[in-house]
Amino acid sequence: MALQGETGFDPVTVTLEEANADTAGAGPIVWLLVSMILTSNDIALVRLYTYATLNSYVKLATLPSANRVLSSGTCYVTGWGRTSSKSALSNVLRYSYLPIVSRSTCTQASWWGCSLIKSSMICAGGTTSRSACYGDSGGPLNCYIGRRWVVHGVTSFISSRGCNTVRKPSVFTRVSAFTSWINRVELTCC
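Note that the structure is a prediction, hence the values are computed from the model and not measured. (Residues numbered from 1 in each chain as written. Predicted model: local features only at pLDDT ≥ 70, side-chain atom pairs only at ≥ 80, totals over all residues. Heavy atoms only, no water.)

Novice: An account of unusual backbone geometry is requested, with residue identities and associated values reported.
Specialist: Phi is positive for Asn164, close to 60°, though the residue is something other than glycine. Take Asn164: it is sitting in the loop between β9 (148-157) and β10 (170-174). For Asn164, a relative accessible area of 30% puts it in the partly exposed group. (Helix = DSSP H or I, 4+ residues; strand = E, 2+ residues; numbered from the N terminus. Buried < 20%, exposed > 50% of the residue type's maximum accessible area, 1.4 Å probe, protein only.)

So this is what it looks like as structure tokens:
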């Protein structure tokens, strides 16, 4: 699979695995916006070579308006990750309610602090016994806004102290910070 994207503004293509004669050209193209160590971009787009079949289990995602910042909301993280810091990965898709944590709270020194949490991130959880956990990275944070579910976040990281750490909420890439980039990729792709 080849990754195409940009680091800052420089195009980059990365080959994750070698294609063989049986699969050459059959894999998806992944568009990503990456940045180097501990900066704020942690997001990728996948273009499938064939259309997905929409049904009661497979639906299109709704993206937030560009630069929309949530201060509260009914949001759920979903993933196949661990259910606690020391458990095995889940064999079923799980979900958990996570309250949005305001940027002003999340950037306090006793929480994550302002040097780590960038404006392109959103925090959720940290006050309950639920959070994203190891293995959930890349999964969505879906929020119920205006009578529809919107993908407001992409699971990015949790505390090195483990899942469900008080005052260390799960951190997500804020999708609305990249809506313009997503639309640009959609227009230039295919």
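Novice: Lay out the confidence of the model for the protein in plain terms, naming residues and giving numbers.
Specialist: On average, residues of the protein carry a pLDDT of 78, and 77% of them reach 70 or more. Of all helices and strands in the protein, the one with the weakest mean pLDDT is strand β1 (residues 2-7) (41), whereas β10 scores best (95). In the model, residues 1-39 has pLDDT below 50 throughout and makes 73 contacts with residues more than four positions away in sequence or in other chains. (pLDDT = per-residue confidence, 0-100. Contact = heavy atoms within 4.5 Å.)

Novice: Before we move on, could you go through the packing of aromatic side chains and cite the residues and values that matter?
Specialist: Counting across every chain of the model gives five aromatic pairs. Taken together, a centroid distance of 5.7 Å and an interplanar angle of 65° make the contact between Tyr76 and Tyr97 edge-to-face. Within this pair, whereas Tyr76 is found in strand β5 (residues 74-79), its partner Tyr97 is found in strand β6 (residues 94-101), the two being separated by 21 residues in sequence. Look at Tyr76 and you get partly exposed, because its relative accessible area is 26%. (Phe/Tyr/Trp six-rings, centres within 6.5 Å; stacked < 30°, edge-to-face > 60°.)

Novice: Could you give an account of the state of the cysteines, with specific residues and numbers?
Specialist: Inspection of every chain in the model, using the stated rule, returns three disulfides. Two residues, Cys75 and Cys143, share a disulfide whose sulfurs are 2.1 Å apart. Across the S-S bond linking Cys75 and Cys143, the dihedral sits near 110°, which makes this disulfide right-handed. Residue Cys75 is found in strand β5, and its partner Cys143 is found in strand β8 (residues 140-145); the two are separated by 68 residues along the sequence. An identical accessibility class is assigned to Cys75 and Cys143; each is buried. Each sulfur of the disulfide joining Cys133 and Cys163 lies 1.6 Å from the other. Its S-S torsion of approximately 65° makes the covalent link between Cys133 and Cys163 right-handed. (Disulfide = S-S within 2.5 Å.)

Novice: Tell me what's going on with the side chain of Ser87, and back it up with residues and numbers.
Specialist: Mapped onto the fold, Ser87 is located in the loop between β5 and β6. Owing to a relative accessible area of 18%, Ser87 belongs among the buried residues under this scheme. Polar side-chain contacts of Ser87 include one of 3.0 Å to the backbone nitrogen of Thr83. (Polar contact = N/O pair within 3.5 Å; in protein donor to acceptor, adjacent residues only side chain to side chain.)

Novice: How would you explain the environment of Asn41 if you had to name every residue and give the values?
Specialist: Turning to its location among the elements, Asn41 is positioned in the loop between β3 (29-34) and β4 (42-47). The spatial distance from the C-alpha of Asn41 to the C-alpha of Arg174 is 9.2 Å, given a sequence separation of 133 residues.

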